[in-house]
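# Architecture at a glance
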Amino acid sequence: LDVFRGWKPPPLPSEKEEEGMYPMIHVHCFASKEEEVGKSEALARIETALQCKLDTSTEDNEVYVHIVRDVSPKKNMLCVSFRLPKEVSLLKKINLDDDDDDGSNSKEDDTKEASKESKENENNVQKKREHVNQEVDDTTTEPAVKKCRTDE
């Protein structure tokens, strides 16, 4: 759900803002068997991931929670359906391509390193093939004549 942070709906042809432009989201999750506790757990996790509140005060806000099935003695599978809140478009978008602050290599550095290792492996394989071919050549050029012993 965190991928929706910073999401903006496509521009409309008219100047009017239309409620239907924000998509309806359906999330399946596991929560406590107790119905009210399970619903509040699921909503809390969704609000944490989105970093904004879902208004459940009226049905007009289109937030629905229902039990899909009983999955264990202590858990139910729930489906939470809601219209993506407008507030998500005001949040900062998460960029997963940024380098980490811990000094680790970037994706480009990792790709270069993998390419270098691959070439080294190819060179090693080629050297082994040449070595094996040389051994085969050495054994085939030896005379195949066996000394025969004659008993007199």
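What follows concerns helix α1 (residues 35–50). Taking 1.5 Å per residue, 16 residues should reach 22 Å; α1 reaches 23 Å between its end C-alpha atoms and fits that length. When α1 is considered as a whole, its buried residues turn out to be Gly38, Ala42, Leu43, Ile46, Glu47 and Leu50. What you see down the axis of α1 is that its buried residues fit within an arc of 165°, all on one side. If you follow the buried residues of α1, they end up packed against β1 (24–32), β2 (63–70) and β3 (75–83). Trailing α1 by a residue or two, glutamine 51 shows a phi angle of about 65°, which is positive.

So, about the state of the cysteines. Taken as a whole and judged by the stated rule, the model has zero disulfides. Lacking any disulfide linkage, cysteine 29 is separated from the closest cysteine sulfur, that of cysteine 79, by 8.3 Å.

The next thing to look at is the environment of proline 85. Assignment of secondary structure puts proline 85 in the loop between β3 and α2 (107–141). For proline 85, a relative accessible area of 10% corresponds to the buried category. Taking the C-alpha atoms as reference points, proline 85 and aspartate 55, 30 residues apart in sequence, are found 8.7 Å from one another. Once residues within four sequence positions are removed from consideration, proline 85 is found in contact with Tyr22, Leu50, Cys52, Lys53 and Leu54.

About the cut-offs
- Residues numbered from 1 in each chain as written.
- Predicted model: local features only at pLDDT ≥ 70, side-chain atom pairs only at ≥ 80, totals over all residues.
- Heavy atoms only, no water.
- Helix = DSSP H or I, 4+ residues; strand = E, 2+ residues; numbered from the N terminus.
- Expected span 1.5 Å × (residues − 1).
- Buried < 20%, exposed > 50% of the residue type's maximum accessible area, 1.4 Å probe, protein only.
- Arc of directions from axis to C-beta.
- Contact = heavy atoms within 4.5 Å.
- Disulfide = S-S within 2.5 Å.

These figures capture arrangement, not role.
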